[in-house]
Protein chains: 2
Amino acid sequence: MIFENELIKQIIEKYRVIWALGHARALMSWDSQTYMPEEGVRERAIARSMLSVLAQKLILKPEFVELVDKASQIEDLNIYEKGIVRVLQRTIRIMKALPSEFIAEYSKVTQEAMLAWKQAKEKNDYNIFKPYLEKIIELSKKQAGYLGWEEHPYDALVDLYEEGLRTRDVDYILSRLKKEIKRVLDKIMSEKLYPLKHELEEIRYDPKVMEKINKEVLKLLGFPIGKRARLDISPHPFTQSMGIFDVRITTRYEGIDFKRTLMSTIHEYGHALYELQIDPALSTTPITGGVSLGIHEGQSRFWENIVGRSREFVEVIYPILRENLEFIVKYSPEEIYYYFNTVRPSLIRTEADEVTYNLHILLRAELEKLMVAGEIKADDLPELWNNMMEELLGVKPRNYSEGILQDIHWSMGNIGYFPTYTLGNLVAAQMRHHMLRESINISEAIRTKQFKIIQEWQKEKIHKWGKTFAPKELLRRAFGEEYNPDYFIKYLEEKYLKH
Amino acid sequence: MIFENELIKQIIEKYRVIWALGHARALMSWDSQTYMPEEGVRERAIARSMLSVLAQKLILKPEFVELVDKASQIEDLNIYEKGIVRVLQRTIRIMKALPSEFIAEYSKVTQEAMLAWKQAKEKNDYNIFKPYLEKIIELSKKQAGYLGWEEHPYDALVDLYEEGLRTRDVDYILSRLKKEIKRVLDKIMSEKLYPLKHELEEIRYDPKVMEKINKEVLKLLGFPIGKRARLDISPHPFTQSMGIFDVRITTRYEGIDFKRTLMSTIHEYGHALYELQIDPALSTTPITGGVSLGIHEGQSRFWENIVGRSREFVEVIYPILRENLEFIVKYSPEEIYYYFNTVRPSLIRTEADEVTYNLHILLRAELEKLMVAGEIKADDLPELWNNMMEELLGVKPRNYSEGILQDIHWSMGNIGYFPTYTLGNLVAAQMRHHMLRESINISEAIRTKQFKIIQEWQKEKIHKWGKTFAPKELLRRAFGEEYNPDYFIKYLEEKYLKH
């Protein structure tokens, strides 16, 4: 047993029912997006909110909080036990900081805001969404106040999504990326090293056939479908872990441009692998599950971009593609590689390639910081958005729907969330760097289908720990440093500029 | 609003989280039998037991029990409010009666017993199961003692599955049926009115094709797949309601003898219809959901046997069958009708036709009564089983697996459960009788595909009430009488003897 302290064992025992509520909510969430009949939504919403309030009550029970307080005063806890105290203290602190009236208002406003956003986007009318965004900005400022911060109110919000992340980290990372990505991008553009678009983007496929391909590719990667995993269909792809032994991913089939479903499947596979490789000894404890959105996104981006969009991977899956998609025969693996790696500055974040993606995040993070600091109003946002878009990517939205209204996240109140996407890109490149430094030949592992070599390395360095260490400490222990943007730049240069 | 009393409204408010836990457990149960990856079972088992203990704790919370007590003293409650008090008092009474050590032991013994039963059945070795059955008999006696009874310890057990049912009801019903069914069966057999078997039982089908047929038949019946319902696949067919707006059924495809999957689908449809037609005003309250296993089985048996196995229904679905199963063209609707209605005394309950089915129940109920009364030992059971089988059905098991070891139920501790199957057959025939008396032309409704006429009648008489009335009161209000075996006999005579 990795847990030795009696008090910690008591905490784990008591926590198990809270874990069970989390398990149930995970299943409800998965089901709501995959198999639930339409009209089930009303009763499901009631059940979800009831169980989420119940879980909060159980965590904040005085006896439980007291046990955690007591445990935090013990000096000779081992790393896992310390992890449990850290995670529970953080959860209790956040839950205690937010008054229940605030949570009720926040929930009400965001629910209305999501509807307003949907309508606004459809009608291309920012004014429908603006009053809600104003309220959400106000609520986010309040939220930052409740949670507390030292240097910048945005600190409190980013920390919610990425434990320990600070505005200064975000600033440092994004300003470095801004300069370097623009340099790389200009070079790719001017030298026409990678195509802007590819005719395969216009070719239609049969969803049934693509599902077969996705499953074959997942099998190649060792994804244990049926045993410990599933692949289903949902409007927005996601990964949901019910525990260490049941991790489910989804994808969608748009019927056109097959790389979209294939890459989204590999992306979610990366998330799932993290959850599947957590040490089983952590099962049902507070430190099971991936530690943060940024570290999680690092795993998905690694498999999607560094593996999935590599020349070697295209070679490996080429027979599967050719066997199932009749149009593939006209394209060489080299051509498929360029289809997988088109680079073009575009308006829509979710369609961005790995070179330009972080510029979309930069724009959002800058605006969020200004909003939370009270330096801009909802009124100013569309113009600022459009100007920054032009400055960063050289393109300008023709309307609100492809500009400020493109993302659902702000309407959901998720302010401070976007930077974790960029962290993911950094962590992926950082893992790549350290793998190579430790003489893991990634290209060779892919070429020979020995994905196990990569998986084992990720398991030992990152996955198996679950939430044992906070993200920055996890990175320090694995790599001797925290988030470092240099490796991402280096990766872009090596992939896109060295020919 | 149908709930007016302030105290009742408070109870409903507090109950909602208990409902939510039930919703979560319903979803977990459905998922475990349909989509869950194999190895998810360990963590799922933990989650289920955690949430079930939690729900029990919340129901037995002194504040909640006190509210229910208080409400029970109010005199001018309306029927719905009275229903809420009745259901909660019953739940609290049962939960309080069983000590937690007993529940723990019961759960441990039955878990081991299920494994032993499986092994015993596979190896055809009663001795493997016997010591567990002995323990289960002892535990059932204990259970009856905790729950309390007036005339016979079996009362306490049957009441668990069918509120208000007593041993004397079971005795009366089964002794009537025994005599009458034997008479009808002898006549069918001697006059060879219905075939013993049919060659279609040997014909194989493609599961994909049968799934399409099942869905078309369900569509004909108005089953709202996608909107409020689902049809999935599971090893043992079942119905699971997540609430009034999300009711899911399953079936299985054995690849041979297509009436089995078709009839099981229609059977589960009957269960689902009940849940779907409950008054939406009862949603998330203690009186939502079907009231008892017997009443529930009445709905499923009605649709499976009285509708599904009728001449008119065969006519209606014949085009669907012929279009999808190439072998159907060789058989007339009349022949399909006889294929749906073979009658033969057989050894296996789950394969029994509607004529002989209740004799299998009679045998089990008799043995259960003797067990619980301490009048027989596990040692005596196989011989008793075989002798009764011969007496009732004229067939004798050649081994344990097709005799005493055929059902899983005793290993699960479900003693007192079997009689609800017979109640279902009675209730189905009873509904038929009263429909006809109220000038509902069932045959005509089926022939013209106006299933809505039957559904509406069932909704008004039975379905919409949920658990508002206890089973016997529900029947009295609907039909002016309780369970009555006469209509079932009459139905058998009309169907099988009038030619």
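Residues numbered from 1 in each chain as written. Chains lettered and ligands numbered in written order. Predicted model: local features only at pLDDT ≥ 70, side-chain atom pairs only at ≥ 80, totals over all residues. Heavy atoms only, no water.

Enquirer: Mind showing me how you'd approach the interface of chain A and chain B here?
Expert: A common way to express how large an interface is: the accessible area buried when the components associate. Contact residues are listed per partner, giving 39 residues for chain A and 39 residues for chain B. Applying the counting criterion to the chain A and chain B interface returns 4 salt bridges. With its nearest N and O atoms 2.8 Å apart, the salt bridge here joins aspartate 31 of chain A to arginine 248 of chain B. Summed over the shared surface of chain A and chain B, the number is 18 residue pairs in polar contact (both at pLDDT 80 or more). Only helix 1 (6-34), helix 2 (41-59), strand 1 (229-233), strand 2 (239-243) and strand 3 (246-251) of chain A provide two or more residues apiece to the side of chain A that touches chain B. No other element matches helix 1 of chain A, which puts 11 residues into the side of chain A that touches chain B. Taken together, the residues of the side of chain A that touches chain B sort by class into 21 nonpolar, 6 polar and 12 charged. (Contact = heavy atoms within 4.5 Å. Salt bridge = Lys/Arg side-chain N within 4 Å of Asp/Glu carboxyl O. Polar contact = N/O pair within 3.5 Å; in protein donor to acceptor, adjacent residues only side chain to side chain. Helix = DSSP H or I, 4+ residues; strand = E, 2+ residues; numbered from the N terminus. Nonpolar A, V, L, I, M, F, W, Y, C, P; charged D, E, K, R; others polar.)

Enquirer: Please clarify how the nonpolar core should be interpreted in this entry.
Expert: If you look at soluble globular proteins, the nonpolar side chains tend to sit buried side by side. Formed by 354 residues in total, the largest nonpolar core has its most connected members in Leu51, Phe258, Phe302 and Trp303 of chain A together with Phe258, Phe302 and Trp303 of chain B. Among all residues touching phenylalanine 302 of chain A, those that are not within four sequence positions of it are Val307, Ala428, Met431, Arg432, Met435, Ile442, Ile454 and Gln458 of chain A. (Core = buried A, V, L, I, M, F, W, Y, C linked by side-chain atoms within 4.5 Å. Buried < 20%, exposed > 50% of the residue type's maximum accessible area, 1.4 Å probe, protein only.)

Enquirer: Would you explain the side chain of asparagine 425 of chain B in this entry?
Expert: Checked against the element boundaries, asparagine 425 of chain B lands in helix 16 (residues 419-437). For asparagine 425 of chain B, a relative accessible area of 5% gives the class buried.

Enquirer: Honestly, the relation of the copies chain A and chain B in this entry has me stumped. Any pointers?
Expert: What relates the pair of chain copies is a rotation about an axis plus a shift along that axis. Each copy superposes on the other: chain A lies on chain B with an RMSD of 0.0 Å after a rotation of 180° and an axial shift of 0.1 Å. In the structure described here, the two chain copies are related by an operation that fits a two-fold rotation axis. Among all residues of chain A, the minimum C-alpha distance to the rotation axis is found for alanine 24 of chain A, at 2.9 Å. The overlap is high: 100% of the interface residues of chain A also sit at the interface in chain B, so the same surface is used on both sides. (Least-squares fit on C-alpha atoms with pLDDT ≥ 70 in both.)

Enquirer: I keep staring at unusual backbone geometry and nothing clicks. Help me out?
Expert: Negative phi is the rule for most residues except glycine; trans is the rule for most peptide bonds. Residue and element names in this part refer to chain A. One non-glycine residue with positive phi stands out, namely asparagine 124, at about 55°. You can see asparagine 124 is positioned in the loop between helix 5 (100-123) and helix 6 (126-147). Note on asparagine 124: relative accessible area 30%, which makes it partly exposed. One non-glycine residue, lysine 192, lies in positive phi territory at about 50°. Along the chain, lysine 192 turns up in the loop between helix 8 (167-191) and helix 9 (207-220). Judged by its relative accessible area of 71%, lysine 192 is exposed.

Enquirer: Just to check I follow, could you spell out the domain arrangement of chain A for this structure?
Expert: All names here are of chain A. Along its sequence, chain A is organised into domain 1 (6-150) and domain 2 (151-499). Here domain 1 and domain 2 have C-alpha centroids that lie 25 Å from each other. Buried surface at the junction of domain 1 and domain 2, summed over both partners, amounts to about 4500 Å²; 65% is from carbon and sulfur atoms. When residues of domain 1 are sorted by the area they lose upon contact with domain 2, Trp30, Arg86 and Tyr126 head the list and together hold 15% of the total. One can count 5 salt bridges joining domain 1 with domain 2. For arginine 90, the salt bridge identified is with glutamate 163, shortest N-O distance 4.0 Å. Inspection of the domain 1/domain 2 interface yields 19 residue pairs in polar contact (both at pLDDT 80 or more). (Domains from an automatic or database assignment. Buried area = accessible area lost by both parts, 1.4 Å probe.)

Enquirer: Looking at this model, I keep getting lost on the pattern of salt bridges. Mind explaining?
Expert: A pair can form between side chains of opposite charge whenever their charged atoms are brought close. Residue and element names in this part refer to chain A. Following the criterion strictly, the structure yields 96 salt bridges over all chains and no others. Across the pair arginine 349 and aspartate 407 runs a salt bridge, and its minimum N-O distance is 3.0 Å. One end of the pair, arginine 349, is in the loop between helix 13 (333-340) and helix 14 (357-372); the other, aspartate 407, is in the loop between helix 15 (381-393) and helix 16 (419-437), and 58 residues separate them in sequence. What makes arginine 349 buried here is its relative accessible area of 5%.

Enquirer: Could you clarify how one ought to interpret a positive patch on the surface in this entry?
Expert: Taken together, the side chains of Lys14, Lys57 and Lys61 of chain A together with Lys14, Lys57 and Lys61 of chain B present a region of like positive charge at the surface. One can find lysine 14 of chain B in helix 1 (residues 6-34). A relative accessible area of 45% places lysine 14 of chain B in the partly exposed class. (Patch = residues over 30% accessible without salt bridge, like charges linked within 9 Å, V, L, I, M, F, W, Y side chains within 5 Å. Areas by Shrake-Rupley, 256 points an atom, 1.4 Å probe, with all protein chains shown as cover. Lys, Arg positive; Asp, Glu negative; His and termini not counted. Charge placed at Lys NZ, Arg CZ, Asp CG, Glu CD.)

Enquirer: Just to check I follow, could you spell out the sheet that holds strand 3 (residues 246-251) of chain B for this structure?
Expert: Two orientations exist for strands paired in a sheet by backbone hydrogen bonds: parallel and antiparallel. Residue and element names in this part refer to chain B. If you trace the 3 strands from one edge of the open sheet to the other, you get 1-3-2, paired in mixed fashion. Because the sheet does not close on itself, it has two edges, and the strands there are strand 1 (229-233) and strand 2 (239-243). On average, each strand axis in the sheet is tilted by 20° relative to the strand beside it, whichever way the strands run. Pairing analysis gives 5 bridges linking strand 1 to strand 3, with the strands arranged parallel. When the sheet's bridge partners are listed, isoleucine 233 is paired in strand 3 with threonine 251. Against the sheet, helix 9 (residues 207-220) contacts strand 1 and strand 3, and its axis sits at roughly 155° relative to strand 1. (Pairing = 2+ DSSP bridges. Axes fitted to C-alpha atoms, helices over the stretch in contact; angles between N-to-C directions.)

Enquirer: Help me understand the sheet that holds strand 1 of chain A in this model?
Expert: Residues and elements named next belong to chain A. The strand order across the open sheet built from 3 strands is 1-3-2, with neighbouring strands paired in mixed fashion. The sheet is open, and its two edges are formed by strand 1 and strand 2, each paired on a single side. Averaged over neighbouring strand pairs, the angle between their axes works out to 20° when direction is ignored. Helix 10 (residues 259-276) rests against strand 1, strand 2 and strand 3 of the sheet, and its axis sits at about 165° to strand 3.

Enquirer: What is the right way to look at the pairing of strand 2 of chain B in this model?
Expert: Two faces make up the sheet, and in a regular strand the side chains alternate between them. Of all 5 residues in strand 2 of chain B, 4 are buried, a share of seventy percent or more. Connecting strand 2 of chain B to the next strand, strand 3 of chain B, in antiparallel fashion are 2 residues.

Enquirer: For this particular structure, what's the right way to read the packing of helix 6 of chain A against helix 7 (residues 153-161) of chain A?
Expert: The packing of two helices is summarised by the inter-axis angle and the distance between the axes. All names here are of chain A. The contact between helix 6 and helix 7 brings their axes to 8 Å, and the two run at 85°. Relative to helix 7, helix 6 is oriented roughly perpendicular. Touching Ser140, Gln143, Ala144 and Leu147 of helix 6 are Pro153, Ala156, Leu157 and Leu160, all from helix 7. Grouping the amino acids of the contact of helix 6 with helix 7 by side-chain chemistry returns 6 nonpolar, 2 polar and no charged. (Parallel < 35°, antiparallel > 145°, perpendicular 65-115°, else oblique.)

Enquirer: Can you help me understand the packing of aromatic side chains in this one?
Expert: Centre distance and the angle of the planes are the two values used to describe a pair of aromatic rings. Tallied over the entire structure, the rule returns 57 aromatic pairs over all chains. Relative to tyrosine 421 of chain A, the ring of tyrosine 417 of chain A has its centre 5.3 Å away and its plane inclined at 80°; by these criteria the two rings are edge-to-face. Across this residue pair, the class does not change: tyrosine 417 of chain A and tyrosine 421 of chain A are buried. Centre to centre, the rings of phenylalanine 313 of chain B and phenylalanine 451 of chain B are 6.1 Å apart; their planes meet at 70°, and the pair counts as edge-to-face. Here phenylalanine 313 of chain B is found in helix 12 (residues 311-324), whereas its partner phenylalanine 451 of chain B is found in helix 18 (residues 451-461), with 138 residues between them in sequence. The exposure class assigned to phenylalanine 451 of chain B is buried, which follows from its relative accessible area of 2%. Taken together through their ring pairs, the aromatic side chains of Phe223, Tyr269, Phe302, Trp303, Phe313 and Phe451 of chain A make up a single cluster. Taking NZ or CZ as reference, arginine 248 of chain B lies 4.4 Å from the ring centre of tryptophan 30 of chain B, over its face. Across the ring face of phenylalanine 418 of chain B, the terminal group of arginine 364 of chain B is positioned such that the distance to the ring centre comes to 5.4 Å. (Phe/Tyr/Trp six-rings, centres within 6.5 Å; stacked < 30°, edge-to-face > 60°. Lys NZ or Arg CZ within 6 Å of the ring centre and 35° of its normal.)

Enquirer: Please clarify how the environment of alanine 113 of chain A should be interpreted in this entry.
Expert: All names here are of chain A. For alanine 113, the location among the structural elements is in helix 5. Judged by relative accessible area, which is 0%, alanine 113 ranks as buried. Put simply, alanine 113 and leucine 133 are 20 residues apart on the chain and 7.4 Å apart in space, counted from C-alpha to C-alpha. The contacts of alanine 113, once residues within four sequence positions are left out, are Phe129, Tyr132, Ile136 and Ser411.

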